[in-house]
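# Observations on the three-dimensional arrangement
Now for the letters of each chain:
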Amino acid sequence: MTGGGQPATGEADLVRRLLARDESAFLELVDRYHAGLLRLVQSFVRTPAVAEEVVQETWRAFIESLDTFEQRAAVKTFLYRIAANQARTRAVRESRTSPMSDLERDGEDSSPLADRFGTAGNWLTPPSAWAAETADAILERKQALEVLARAMEQLPERQRAVVQLRDVEGLPAEEVCELLGVSEVHQRVLLHRARTKLRAALEGHFRG
Amino acid sequence: MLTCRQITELVTSYVEGDMPREQRLDFLRHMKGCKVCFHYLRQVRATRRVLGQAPAAPAPPEVRAALLAQFRAWKPKGGEGGGGS
């Protein structure tokens, strides 16, 4: 996993292309980060429409700051910071302040493993074997990836934001805590719940 | 001695690599003797890796078009950059 703070190799070139108004470079960025930005913003604001708006504003702010963009931080980090700030401002305006500090809003949380153990904490129903058990093998199965994407959509918004930023985007934990305004412990809980559910979704898929 | 249930609750802490040393030793001791939990751990790790490597779906066409229009309208302050309209 590469850290989120440092510019990735090839990124200087990407920024150069952006400054030269290379549209394909811009679309490359949009494709790479739009979904992630949306998930981050959705964890702050109330409706998908508002989230879309905030992400659009984020891109506008990004474009406008390109001139002065100093490549001390990775483009990714830079974009996510703009989005978090915009989303927070918007949430305040919507009078939904610091939504991430509100533990109840993490959603119903019955663990998918709740009834899998005996009273002594031993497995009653062990994890079933999957037809594809390695990441490479799973990645070749389109249906499994679709199941995972759907499970992701069904996660409570904060769990989704955390797992998106940590596992999909590969941002370090401290960065994610800062972006979402959550404590390290809370971040860990959200990540744990999300990963547990996503693994269970794959298990459900392979069990058929 | 950790139970299997506890192992599944601690798995994220283990994968994140910041378990206190004592707990980590207990965790590893359990893993050594419990194939089922080891299997579980492997599935959690595979799931996480898949999330990081699955190809991202491109942004919807209307979003791409709208953002591209914004990018085209951008006027770099420095002068240079783009001679057209």
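Residues numbered from 1 in each chain as written. Chains lettered and ligands numbered in written order. Predicted model: local features only at pLDDT ≥ 70, side-chain atom pairs only at ≥ 80, totals over all residues.

## Topic: the overall build of chain B
A count of helical and extended segments in chain B gives 4 helices and 0 strands. The order of α-helices and β-strands along chain B, N terminus first, is α-α-α-α. Counting the 85 residues in chain B, one finds 22% classified as buried. (Helix = DSSP H or I, 4+ residues; strand = E, 2+ residues; numbered from the N terminus. Buried ≥ 20, exposed ≤ 12 C-beta atoms within 10 Å, placed from the backbone.)

## Focus on unusual backbone geometry
Backbone phi values are negative for most residues with the exception of glycine, while trans is the configuration of most peptide bonds. The phi dihedral of R21 of chain A is positive, around 60°, even though this residue is not glycine. Position of R21 of chain A among the secondary structure elements: in the loop between α1 (11–19) and α2 (23–42).

## Observations concerning the nonpolar core
In this structure, L40, V41, A83, A87 and V162 of chain A are the most contacted members of the largest nonpolar core, which totals 55 residues. With 9 residues, α2 of chain A is the single largest residue contributor to this core. Core analysis: the second largest hydrophobic core is formed by 8 residues, I7, V11, F27 and V44 of chain B among them. (Core = buried A, V, L, I, M, F, W, Y, C linked by C-beta atoms within 7 Å.)

## Topic: the interface of chain A and chain B
Taken residue by residue, the interface counts 43 residues in chain A and 39 residues in chain B. Of all the secondary structure elements, the ones that give two or more residues to the side of chain A that touches chain B are α2, α3 (48–64), α5 (135–139), α6 (142–154), α7 (157–168) and α9 (184–207) of chain A. It is α2 of chain A that contributes the most residues to the side of chain A that touches chain B, 8 residues altogether. Within the side of chain A that touches chain B, the residues separate by chemical class into 25 nonpolar, 7 polar and 11 charged. (Contact = placed C-beta atoms within 7 Å. Nonpolar A, V, L, I, M, F, W, Y, C, P; charged D, E, K, R; others polar.)

## Looking at the environment of E28 of chain A
Along the chain, E28 of chain A falls in helix α2. Considered as a pair, E28 of chain A and L14 of chain A are 14 residues apart in the sequence and their alpha carbons are 9.3 Å apart.

## Side note on the confidence of the model for chain B
Residue and element names in this part refer to chain B. Per-residue confidence for chain B averages 90 on the pLDDT scale, and 89% of its residues sit at or above 70. In the model, residues 81–85 has pLDDT below 50 throughout and makes 5 contacts with residues more than four positions away in sequence or in other chains. On the interface metric, ipTM, the complex scores 0.86, and its pTM is 0.86. (pLDDT = per-residue confidence, 0-100.)

## Re α2 of chain A
Relative to the 28 Å expected for 20 residues at 1.5 Å per residue, α2 of chain A spans 27 Å between its end C-alpha atoms, a close match to the ideal helical length. Along its length, α2 of chain A shows its largest kink, about 45°, at Y33 of chain A. (Expected span 1.5 Å × (residues − 1). Bend = angle between axes of the 7 residues up to and from the residue.)

## A closer look at the packing of α2 of chain A against α3 of chain A
All names here are of chain A. Relative to each other, α2 and α3 sit at 125°, their axes nearing to 9 Å. The angle between the axes of α2 and α3 places the two elements in the oblique class. In this structure, α2 crosses over α3, and the sense of that crossing is right-handed. Each of H34, L37, L38, V41 and Q42 in α2 lies in contact with α3, whose residues at this interface are P48, A51, V54, V55 and T58. Residue composition of the contact of α2 with α3, grouped by class: 7 nonpolar, 3 polar and no charged. (Axes fitted to C-alpha atoms, helices over the stretch in contact; angles between N-to-C directions. Parallel < 35°, antiparallel > 145°, perpendicular 65-115°, else oblique. Left-handed = near helix turned anticlockwise from the far one by under 90°.)

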